[in-house]
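Chain by chain, the residues:
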Amino acid sequence: MGFARACSVALVGVEGVVVEVQADLEPGVAAFTLVGLPDKSLVESRDRVRAAVVNSGAEWPQKKLTVGLSPASVPKSGSGFDLAVACAVLGAAERIDPAAIADVVMIGELGLDGTVRPVRGVLPAVLAAAEAGYQHVVVPEQTAGEAALVPGVSVLGVRSLRQLIAVLGDEPVPDEPSADRGRPDTMLAGLMVPGAGLGTGLAPLSADGTAHRPDLADVAGQGRARKALEVAAAGGHHLLLSGPPGAGKTMLAERLTAIMPSLSRQESLEVTAVHSVAGILPPGEPLISRAPYCAPHHSATMQSLVGGGNGLPRPGAVSLAHRGVLFLDEAPEFSGRALDALRQPLESGHVVIARAAGVVRLPARFLMVLAANPCPCGRHTLTGAGCECPPSAVRRYQARLSGPLLDRVDLRVEVEPVGRADLMGTGGRGESSAEVAARVRAARARAAERLAGTPWTTNSEVPGHELRTRLVTAPGALMAAERDMERGALTARGLDRVLRVAWTVADLRAVDRPDASDVAVALELRTGIQRGASLRAGAR
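Once a new chain begins, its residue numbering starts again from 1 and follows that chain's sequence as written. Residues qualify for local features only when their pLDDT is at least 70, as the model is predicted, and side-chain atom pairs are given and counted only at 80 or more; totals for whole chains, interfaces and linings, by contrast, use all residues. For side-chain calculations, the full set of non-hydrogen atoms in the structure is used, while hydrogens and water are omitted.

What follows is about the overall build of the chain. Each helix and strand counted, the chain has 23 helices and 16 strands in total. Burial classes follow relative accessibility: with a 1.4 Å probe on protein chains only, a residue under 20% of its type's maximum area counts as buried, one over 50% as exposed, and anything between as partly exposed. In the chain, which comprises 540 residues, the proportion classed as buried is 52%. Total accessible area computed for the chain in this model is approximately 23400 Å², and 52% of it derives from carbon and sulfur atoms. Helix numbering and strand numbering both begin at the N terminus, where a helix is a DSSP run of H or I of at least 4 residues and a strand a DSSP run of E of at least 2. Exposure was quantified through the Shrake-Rupley algorithm and a 1.4 Å probe, taking into account, for residues, occlusion by the shown protein chains and nothing else.

Structure (structure tokens):
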């Protein structure tokens, strides 16, 4: 009787569980049994592994073979277990030393000819292996750069099962022919879900950083909206842009990521892990360093926004926009269920999805930007534009954005139509994204210094209790906000959000704490009511 074991990783959302792949050989009629709660794609690995082993020059054991995946209570899915199953079988057959693979995590799909094909989710799988204490990982050659992002782990990238057998047996490693450079590499097909990135509106940069990025200087006029965009980027505050069609709401939202700071190392790993699981990680770009931008269509379902699918849920748009921007254009056209599903992740920074197959927790700390027209035809706020929508239709259209959802939006800006002087360039060109981004970085640095030693990094994450007790404003700064709360114009959550915006405005002005003018700017940005405060107070 022969026995051997190897290790692999089962992904549950973006979190991994190390799975021990055990192979047992007993005398009897030749058979191959796979147990341990596998799904359909994993059950089919029996035929893939057998063909790959034979075509790699090894002998398939003609005995009763049982392969167990432990823990058996965790659902296993995907083809990433093929490599571990093949090595466990060869170890049980004593083709390779069982001790050489006992503490090695193997991730990869096997082709019938023995080639090792890449799979999605390598980064979160290697992160789970490192947290479990494993130090050696074998992955497909195409994803070795992604696996090497995890510190403290020795990564071996292989092209074929033949190479891995030779490495484990201290034999000469055979050369495998590389792909024809005149054609697309078919091995990378397993990394990308066709149409996934296009379906979500995700627009990543190219690996060399030469992709065109929209510049804020392209926006004509819109001084108030530009300042609100700067405050949103500096503090991570949610933003509502309302106005007639053609005013530039979409242009402003598309340029928000250009003024946001680059992601930290930990944030980059979080974003890359989500994109790797979702199958939209661009080949050749193992680490995403810029804030992502996700703009789903207004016909998107609730499952596509927060996550879902058959079996264990997959990341939705809120997770794909993690540490970046989620832009909902024509927000009133989204279904009410889809919009209301955003309330919980807006507060907690993650989404918990419960299904019959299990419960998945996905990261979802994003900056939400809503764009809305004032009425179905969009001409309600235009003078002499001939809006024919009855008042009841205007009220119904605006009520599609529920009060609880709008209460979580910090900044509400009315985007005015662009004048002829601004559009033709006679009004002067606005600031570029680089100039605004420099102020945003300085404001973020001030907030990070103030919040050092706490679990928060931006003003939008600070709880209300900390704002009212630990972070003290200037004397008398909150008088206007307290009056609004007494009149019912502000809720308790609204007061906390006004305080957060006021701290961001103070950071942009490079002052130690907000005063009455900063709170007035925050109130004006939240309620839209003119309070005599210039929005220029939000920038130096």
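Past the structure itself, the notes keep going.
The geometry of an aromatic ring pair comes down to the distance between the two centres and the angle between the two planes. Here is the rule: rings of Phe, Tyr and Trp (six-membered ring for Trp) pair when centre to centre is within 6.5 Å. Planes less than 30 degrees apart are stacked, more than 60 are edge-to-face, and the remainder are tilted. One pass over the full model with this rule turns up 2 aromatic pairs. Seen in terms of ring centroids, Phe 32 and Trp 60 are 5.6 Å apart; in terms of plane orientation they differ by 45°. Their pairing is tilted. Residue Phe 32 is found in strand S3 (residues 31-35), and its partner Trp 60 is found in the loop between helix H2 (45-55) and strand S4 (64-70); the two are separated by 28 residues along the sequence. As far as the burial class goes, Phe 32 and Trp 60 line up, both buried. Ring centres 6.4 Å apart and planes at 25° place the aromatic pair Tyr 293 and Phe 327 in the stacked group. With a gap of 34 residues between them, Tyr 293 in strand S11 (residues 293-294) and Phe 327 in strand S12 (residues 325-328) connect regions that are remote in the sequence. Take Tyr 293 and Phe 327: they sit in the same class, and that class is buried.

Before going further, it helps to examine the pattern of salt bridges. If charged atoms from side chains of opposite charge come close, those side chains can pair. By convention in these notes, a salt bridge is any Lys or Arg side-chain nitrogen within 4 Å of a carboxyl oxygen on Asp or Glu. On inspection of all chains with the given rule, the structure shows 27 salt bridges. Between Asp 47 and Arg 50 there is a salt bridge, with the nearest N and O atoms lying 3.3 Å from each other. You can see Asp 47 and its partner Arg 50 sitting in helix H2, 3 residues apart, about one turn around the helix. Overall, the relative accessible area of 31% leaves Arg 50 in the partly exposed class.

Paired through backbone hydrogen bonds, the strands of a sheet run either parallel or antiparallel to each other. We call two strands paired when DSSP finds no fewer than two bridges between them. A sheet is described by the order of its strands in space; here 5 strands give the open sequence S11-S12-S15-S10-S16, paired in parallel fashion. Edge positions in the sheet fall to S11 and strand S16 (411-414), since each has one partner strand and no second.

Here the focus is unusual backbone geometry. Ser 70 connects to Pro 71 through a cis peptide bond whose omega is 5°. Along the chain, Pro 71 turns up in the loop between S4 and helix H3 (82-92). Residue Asp 170 is not a glycine yet carries a positive backbone phi of 55°. Relative to the elements of secondary structure, Asp 170 occurs in the loop between helix H7 (161-168) and helix H8 (196-200). For Glu 330, which is not a glycine, the phi torsion comes out positive at approximately 50°. In this fold, Glu 330 is placed in the loop between S12 and helix H14 (336-340). Its relative accessible area of 27% is what places Glu 330 among the partly exposed residues.

Residue position: Leu 287 is located in the loop between helix H11 (265-278) and S11. The spatial distance from the C-alpha of Leu 287 to the C-alpha of Leu 269 is 7.0 Å, given a sequence separation of 18 residues. The contact criterion used throughout is that any non-hydrogen atoms of two residues lie within 4.5 Å. Excluding anything up to four places from it in sequence, Leu 287 contacts Leu 149, Arg 265, Ser 268, Leu 269 and Thr 272.

Moving on, we come to the packing of helix H9 (residues 223-235) against helix H22 (residues 492-509). Each axis is a line fitted through C-alpha atoms, taken for helices only over the stretch in contact, and angles between the N-to-C directions span 0 to 180 degrees. Direction vectors running N to C along H9 and H22 enclose 100°, while the axes themselves pass 9 Å from each other. If you check the angle between H9 and H22, you find them roughly perpendicular. Along its contact with H9, which presents Glu 230, Val 231, Ala 234 and Gly 235, the element H22 presents Val 501, Thr 504, Val 505 and Leu 508. Here the contact of H9 with H22 is composed, by residue class, of 5 nonpolar, 2 polar and 1 charged. Small angles under 35 degrees read as roughly parallel and large ones over 145 as roughly antiparallel, with 65 to 115 read as roughly perpendicular and the rest as oblique. The nonpolar class holds Ala, Val, Leu, Ile, Met, Phe, Trp, Tyr, Cys and Pro. Asp, Glu, Lys and Arg form the charged class, and all remaining residues, Gly among them, are polar.

Once that is clear, we can look at the nonpolar core. One finds Val 67, Met 106, Leu 326 and Met 368 to be the most contacted residues of the largest nonpolar core, which totals 79 residues. It is H3 that contributes the most residues to this core, 9 residues altogether. Contact partners of Val 67, with chain neighbours within four places excluded, come to Val 21, Gln 22, Ala 23, Phe 32, Thr 33, Leu 34, Val 35, Val 85 and Val 89. For the purposes of this section, nonpolar cores are sets of buried Ala, Val, Leu, Ile, Met, Phe, Trp, Tyr and Cys residues that join through side-chain atoms within 4.5 Å. Residues Leu 239, Leu 252, Leu 281 and Ile 288 belong to the second largest nonpolar core, which totals 58 residues.

Let us now look at the layout of surface pockets. Here the second largest pocket defines a volume of roughly 600 Å³. Forming the boundary of the second largest pocket are 27 residues, of which Leu 11, Ser 77, Gly 78, Arg 120 and Arg 314 lie nearest the centre. Tallying contributions element by element places strand S1 (residues 2-12) first for the lining of the second largest pocket, with 4 residues. For the lining of the second largest pocket, the per-class residue count stands at 13 nonpolar, 10 polar and 4 charged. With a 1 Å grid spanning the protein atoms alone, the term cavity applies to any set of points in which a 1.4 Å probe fits but cannot get out, the term pocket to an open set with protein on both sides within 12 Å along at least five of seven lines, and the term lining residue to any residue with an atom within 4 Å of a point. Grid points are joined across faces, edges and corners, and a volume is the space filled by probe spheres set on the points.

Let's shift gears to the environment of Leu 525. One can find Leu 525 in helix H23 (residues 516-527). On the basis of relative accessibility, which here comes to 3%, the residue Leu 525 falls in the buried class. On a C-alpha basis, the gap between Leu 525 and Glu 414 in space is 9.6 Å, while along the polypeptide they are 111 residues apart.

Attention now moves to the pairing of strand S8 (residues 136-140). Burial analysis of S8 places 4 of its 5 residues in the buried class, which makes it a mostly covered element. Sheet analysis places strand S5 (residues 104-106) next to S8, joined by 3 bridges and oriented parallel. Counterpart to Val 104 in the pairing with S8 is His 136.

Its place among the elements puts Arg 450 in helix H19 (residues 433-450). With sequence-adjacent residues up to four places away left out, Arg 450 is seen in contact with Asn 459, Arg 470, Leu 471, Trp 503 and Asp 507.

Here we come to the environment of Val 126. Among the structural elements, Val 126 can be located in helix H5 (residues 122-131). Given a relative accessible area of 0%, Val 126 falls into the buried group. Taking the C-alpha atoms as reference points, Val 126 and Val 137, 11 residues apart in sequence, are found 7.4 Å from one another.

With that out of the way, let us pick up the packing of H2 against H3. How two helices pack is summed up by the angle between their axes together with the distance between the axes. Their axes nearest at 10 Å, the elements H2 and H3 cross at an angle of 60°. When the axes of H2 and H3 are compared, the pair comes out oblique. Our pair here, H2 against H3, has a crossing hand that is right-handed. Each of Ser 45, Arg 48, Val 49 and Val 53 in H2 lies in contact with H3, whose residues at this interface are Asp 82, Val 85, Ala 86 and Leu 90. Considered class by class, the residues forming the contact of H2 with H3 number 5 nonpolar, 1 polar and 2 charged. Crossings are assigned a handedness: left-handed for a near helix turned anticlockwise from the far helix by less than a right angle, right-handed for a clockwise turn.

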